[in-house]
Amino acid sequence: MISKMIEVFKTDVQDVDQSKLIIRKLTEHLPGSRVNFDLEDCDNVLRVEGENFSAESIIRLLNNCGHQCEVLF
């Protein structure tokens, strides 16, 4: 049985257009995953729900896009 994972990240993404670009890149790398930002939250939260992904790969992708990202505990 494959279980769904949910990971929440604190980011420095503030622009809606940037968030859309990142969501598109993440869904390309993680097909079938649900990805969204809450840019009204003080932590500019990125939430990823899916199967078989690592927090490190998501952090790396955002870093490659020029953004800071860390797991929100």
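Residues numbered from 1 in each chain as written. Predicted model: local features only at pLDDT ≥ 70, side-chain atom pairs only at ≥ 80, totals over all residues. Heavy atoms only, no water.

J.: Explanation requested: the pairing of strand 2 (residues 34-38) in the structure shown.
T.: Side-chain positions along a regular strand alternate between the two faces of the sheet. Where burial is concerned, the two faces of strand 2 differ: the one with V35 and F37 is buried and the one with R34, N36 and D38 is not. By the bridge criterion, five bridges tie strand 2 to strand 3 (residues 45-50) in an arrangement that is antiparallel. In the strand pairing of strand 3, R34 is matched with E49. (Buried < 20%, exposed > 50% of the residue type's maximum accessible area, 1.4 Å probe, protein only. Helix = DSSP H or I, 4+ residues; strand = E, 2+ residues; numbered from the N terminus. Pairing = 2+ DSSP bridges.)

J.: Looking at this structure, how should I read the pairing of strand 3?
T.: Within strand 3, five of the six residues are buried, leaving the element largely enclosed by the surrounding structure. As defined by bridge partners, strand 1 (residues 5-11) adjoins strand 3 across five bridges and the pair is classed as antiparallel. From the neighbouring strand, E7 faces strand 3, where its bridge partner is V48.

J.: I'm lost on helix 2 (residues 55-64) in this one. Help?
T.: The α-helix winds at 3.6 residues per turn, so residues separated by three or four positions along the chain end up facing the same way. Of the residues making up helix 2, those classed as buried are A55, I58, L61 and L62. Relative to the axis of helix 2, the buried residues are bounded by an arc of 125 degrees and lie together on one face. Those residues of helix 2 that are exposed and angled more than 90 degrees off the buried face are E56 and N64. For helix 2, the secondary structure elements touched by its buried residues are strand 1, helix 1 (16-29), strand 3 and strand 4 (69-71). In the segment just after helix 2, G66 is the residue with positive phi, at about 90 degrees. (Arc of directions from axis to C-beta. Contact = heavy atoms within 4.5 Å.)

J.: Would you mind going over the sheet that holds strand 4 with me for this structure?
T.: Two pairing modes exist for strands in a sheet, parallel and antiparallel, and in both the strands are linked by backbone hydrogen bonds. Taken in spatial order, the four strands of this open sheet run 2-3-1-4, and their pairing is antiparallel. Of all the strands in the sheet, the pair left with one neighbour each is strand 2 and strand 4. In this sheet, neighbouring strand axes are inclined to one another by 25 degrees on average, regardless of whether the strands run parallel or antiparallel. Two elements, strand 1 and strand 4, share three bridges in a ladder whose sense is antiparallel. The residue of strand 4 that forms the bridge with F9 is V71. Contacts between helix 1 and the sheet are confined to strand 2 and strand 3, with strand 2 contributing the most and set at about 160 degrees to the helix. (Axes fitted to C-alpha atoms, helices over the stretch in contact; angles between N-to-C directions.)

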